[in-house]
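Descriptive analysis of the structure
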Amino acid sequence: MNQDIHIPTSQSPQAEKVWEVLKQVTDPEIPVLTVTDMGIIRKVDVHDGMVEVTITPTYSGCPAMDMISVNIRLALIEAGYREIRIHTVLDPAWTTDWMTEEGKQKLRAYGIAPPAETTARSRKLLFDDVVDVECPRCQSHNTRLLSQFGSTACKALYQCNDCKEPFDYFKCH
Amino acid sequence: MSAHTSNQALIDYTLHLADSSLIMAQRSSEWCGHGPVLEQDIAITNISLDLLGQARHFYQYAAGLINQSADHTLKPATEDSLAYLRDERAFKNLLLTELPKGDWAQTILKHFFFSVYQSLLYTRLQTVPDKDLAAIAAKSLKEVAYHVKWSSEWVIRLGDGTAESHQRMLTAIEELWPYTGEMFRAADYETGMVDPSTLHAGWLKEVQDVFAEATLPMSSESVYMHVGGKTGLHTENLGYMLAELQYLQRAYPGAEW
């Protein structure tokens, strides 16, 4: 895939400043993650005093998306911007491959296992999940999937077979 | 085909996709707080939410198309007006999606039939020239993959489970099979989109594979198949559901909270 689709690069110093503001906007469901950690900011454009931010939803029905859009607007207003446009694009579809390394570390520290390396795997396998998920509490790899669906659309429920603790896994998507 | 009729066909087709997802979501959400165990209560409500999100994307696209057309009875349209303010006869969802949720076996089987169909349909839809429909399909497909896996596992768990769960699956097959044919019979507005009849063989194959593992028998292809949902002719179940779904916006137009 095209590299600049993966990591949006800011072209101008003005866009760079907006990017810094966006780094402070957190996900309402997982407050340790910022919108830039999640990889949902696809483009930042500043021209004629207008800021245009293009975002992409994680899951189609994620109820946090409307809130995220509002929070981005508020953060930009607070930073002194007045003309703000927020666009939503679906293509290319969001993937956890866009999550930053820093974001993955924050998730782990928060007690949520971060998505495994890559999304390139088969989901057809029944009664099994081929990903190797590390327990965020005791670092054991002896873990099992309890349910593909967790407390939010982006998470699955796992349990550690060693320390016995159930935990959330931010699933590969 | 004139520009007007082809635009109307695209609107109808988009509404058909939106309506099937919305009605499936609404019906499944009835399990919220009533799932057999907590994890499955969470699973089915997550799936409902995915489907609702997909419906919203289709409705948003349809609303844009309607508002761009010169004169349209649904104008001005929003995603909300399309979901809350259309009557039963205007809905184009598959009959399968509006059937009562029944027991867990019926809900599982319905999700299995529907998500296998959706995964085949969206796989094709993501390559159509219409960029918006293709993008929604590609996005949705990633979520539907989870639904297929989840429902397939449950069909096997129940079919190859206890005598009771096996019996309930047999009853569910008898109940739902006659509503599967509609998925593969094209309505007029599907011309030029994905021809649903071309999805039938793939769908049968996948159902057959999972049924074999679940020790469940395939139903006969020659049973009478109910149709009508795609063109607004529904079972009595839809009206009751819409009455509940639309009540607030009908009684208090524009209410927000």
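Note that the coordinates shown come from a computational prediction; the quantities given were computed from them, not determined experimentally. Counting restarts for each chain: residues are numbered from 1 in the order of the written sequence. Labels follow written order: the first chain is A, the first ligand is 1, and so on. Local features in this predicted model are restricted to residues of pLDDT 70 or higher, and side-chain atom pairs are both shown and tallied only at a pLDDT of 80 or more, whereas totals for entire chains, interfaces and linings draw on every residue. Excluding hydrogens and water, the side-chain values take into account all heavy atoms of the structure.

Observations concerning the overall build of chain A
The secondary structure listing takes helices from DSSP runs of H or I that are at least 4 residues long and strands from runs of E that are at least 2 residues long, numbered from the N terminus. What chain A contains, in helices and strands, is five helices and seven strands. Reading the helices (α) and strands (β) of chain A from amino to carboxyl end gives α-α-α-β-β-α-β-α-β-β-β-β.

Points about the side chain of Ser151 of chain B
Residues and elements named next belong to chain B. Considering the arrangement of structural elements, one finds Ser151 in helix H6 (residues 131–159). When a residue's accessible area, from a 1.4 Å probe over protein chains only, is under 20% of the maximum for its type it is buried; when over 50% it is exposed; and in between it is partly exposed. The class for Ser151 is buried, based on a relative accessible area of 0%. Residue contacts follow a heavy-atom distance rule, with two residues in contact if any of their heavy atoms lie within 4.5 Å. Filtering out sequence-adjacent residues up to four positions away, Ser151 remains in contact with Ile108, His111, Phe112 and Ser115.

Here's the deal with the environment of Arg86 of chain B
Residue and element names in this part refer to chain B. With respect to the secondary-structure elements, Arg86 resides in the loop between helix H3 (79–84) and helix H4 (95–98). Spatially, the C-alpha atom of Arg86 lies 34 Å from that of Leu204, the residues being 118 residues apart in sequence. With sequence-adjacent residues up to four places away left out, Arg86 is seen in contact with Leu15, Asp19, Tyr59, Leu74, Ser81, Phe91, Gln246 and Arg250. We define a polar contact as two N or O atoms separated by no more than 3.5 Å, with the added condition that, inside protein, one atom must be a possible hydrogen donor and the other a possible acceptor, whereas residues neighbouring each other in sequence contribute only through side-chain atom pairs. Reaching out from Arg86, the side chain makes a polar contact with the side chain of Asp19 at a distance of 2.5 Å. From its side chain, Arg86 meets the backbone oxygen of Leu82 in a polar contact 2.8 Å long.

Remarks on the interface of chain A and chain B
With 28 residues of chain A at the interface, the matching set in chain B holds 28 residues. Two parts placed together each lose some accessible area; with a 1.4 Å probe, that loss summed over both constitutes the buried area. Here chain A packs against chain B, burying approximately 2,500 Å² in sum over the two surfaces, 63% of which is carbon and sulfur. The three residues of chain A that bury the most area against chain B are Ser60, Phe127 and Phe149 of chain A, which together make up 30% of that side's buried surface. Salt bridges are defined by distance alone: a side-chain nitrogen of Lys or Arg within 4 Å of a carboxyl oxygen of Asp or Glu. Run the count over chain A and chain B and you get one salt bridge. The closest approach of N and O atoms between Arg56 of chain B and Asp66 of chain A, which form a salt bridge, is 3.7 Å.

Quick look at the pairing of strand E2 (residues 50–55) of chain A
For a regular strand, the rule is simple: side chains alternate between the two faces of the sheet. Residue and element names in this part refer to chain A. Across the six residues that make up E2, a large majority, six, are buried. Burial along E2 is two-sided: the face carrying Met50, Glu52 and Thr54 and the face carrying Val51, Val53 and Ile55 are both buried. Sheet analysis places strand E1 (residues 41–47) next to E2, joined by six bridges and oriented antiparallel. If you follow Ile41 over to E2, its bridge partner there is Ile55. Of the strand pairs in this sheet, E2 and strand E3 (residues 83–88) are connected by six bridges, and their pairing is parallel. Two strands pair under a simple rule: DSSP has to find at least two bridges between them.

Digging into the nonpolar core
In globular proteins that are soluble, nonpolar side chains generally tend to be buried together. Throughout, nonpolar core names a set of buried Ala, Val, Leu, Ile, Met, Phe, Trp, Tyr and Cys residues whose side chains join them through atoms within 4.5 Å. Counting 119 residues, the largest nonpolar core has Leu109, Phe113, Val155 and Trp203 of chain B as its most contacted members. The element that contributes the greatest number of residues to this core is H6 of chain B, accounting for 14 residues. Domain delimitation follows an automatic or database domain assignment. Structurally, this core is a two-domain feature, drawing no fewer than three residues from each of domain 1 (3–94) and domain 2 (99–170) of chain A. The residues contacting Leu109 of chain B, other than those within four sequence positions of it, are Val155, Met169, Ala172, Ile173, Leu176 and Phe211 of chain B. Formed by eleven residues, the second largest nonpolar core is a distinct cluster that contains Cys135, Ala156, Phe167 and Cys172 of chain A.

A closer look at the domain arrangement of chain A
Residues and elements named next belong to chain A. Its domain assignment divides chain A into domain 1 (3–94) and domain 2 (99–170). In this assembly, eleven residues from domain 1 lie in contact with 13 residues from domain 2. Both faces combined, the contact of domain 1 with domain 2 buries some 1,000 Å², and carbon together with sulfur accounts for 72% of it. Among the residues of domain 1 in contact with domain 2, Ile30, Val32 and Asp37 are the three that bury the most area, contributing 48% of the side total. The interface formed by domain 1 and domain 2 contains one salt bridge. The partner of Lys106 in a salt bridge is Asp37, and the shortest N-O contact between them spans 2.5 Å. The interface formed by domain 1 and domain 2 includes two residue pairs in polar contact (both at pLDDT 80 or more).

Points about the sheet that holds strand E4 (residues 112–113) of chain A
All names here are of chain A. An order of E4-E7-E6-E5 is seen for the four strands of this open sheet, with the pairing classed as mixed. Each edge of the open sheet carries a strand with a single partner, namely E4 and strand E5 (143–147). Where strand E6 (residues 155–160) and strand E7 (residues 166–170) come together, five bridges link them in antiparallel fashion. Paired with Ala156 across the strands is Tyr169, a residue of E7.

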